[in-house]
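Remarks on the overall topology
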Amino acid sequence: MAMMERPQVTFYEDGGKSWGHTFEQFDLKVFVPATKIDGEVNNYTFRAPLLLVFEETKRSMEEAIAFAKESGLAEISLRASSRVTLSAARSSARTSTATALRRTTWQRT
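Residues numbered from 1 in each chain as written. Predicted model: local features only at pLDDT ≥ 70, side-chain atom pairs only at ≥ 80, totals over all residues. Heavy atoms only, no water.

In this fold, Gly16 is placed in the loop between β1 (10–11) and β2 (17–22). Considering only alpha carbons, one finds Gly16 and Pro33, 17 residues apart in sequence, at a separation of 4.3 Å. (Helix = DSSP H or I, 4+ residues; strand = E, 2+ residues; numbered from the N terminus.)

Structure (structure tokens):
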């Protein structure tokens, strides 16, 4: 499941960036909104929030960015010099995840 190549980064006019990668069992999309915070500075005492969204249906990169902006997640990540990460299970993984969830639910009841 390693990422063996550097993803293609798309730069936007407002200074935001995005990239995506397809792994064996899921697709990952990352949106980094433009910010004036110098995120290159190493600050080992600060921990930026991980904004991770598990998509029920796979979105395109444009739809993912629109979702991040409309939901307010982009604004949260902007203030913390963080990013919004969206993950969608690939079709075979989605089936096994749904099966595992059903088993877990069944065992609890």
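Unusually for a residue other than glycine, Ser81 sits at a positive phi of about 55°. When you line up the elements, Ser81 lands in the loop between α2 (73–79) and β5 (84–89).

Turning our eyes to something else, we now look at the nonpolar core. Grouped together as the largest cluster of nonpolar side chains are 11 residues: Phe31, Leu51, Val53, Met61, Ala64, Ile65, Ala68, Leu73, Ala74, Val84 and Leu86. For this core, the secondary-structure elements that each account for two or more residues are β4 (51–54), α1 (61–71), α2 and β5. With four residues, α1 is the largest single contributor of residues to this core. Residues within four places of Val84 in sequence aside, it is in contact with Lys29, Val30, Phe31, Leu51, Ala68, Leu73, Ala74 and Ser77. (Core = buried A, V, L, I, M, F, W, Y, C linked by side-chain atoms within 4.5 Å. Buried < 20%, exposed > 50% of the residue type's maximum accessible area, 1.4 Å probe, protein only. Contact = heavy atoms within 4.5 Å.)

All told, the structure shown has five salt bridges when counted by the stated rule. Notably, a salt bridge pairs Asp27 with Arg90, separated by 3.6 Å at the nearest N-O pair. Here Asp27, found in strand β3 (residues 26–32), pairs with Arg90, found in the loop between β5 and α3 (91–108); they are 63 residues apart in sequence, far enough to count as distant. For Arg90, a relative accessible area of 34% gives the class partly exposed. Its salt-bridge partner being Arg79, residue Glu75 comes within 3.4 Å of it at the nearest N-O pair. Here Glu75 and its partner Arg79 are both found in helix α2, four residues apart, which amounts to about one turn of the helix. Note on Arg79: relative accessible area 59%, which makes it exposed. (Salt bridge = Lys/Arg side-chain N within 4 Å of Asp/Glu carboxyl O.)

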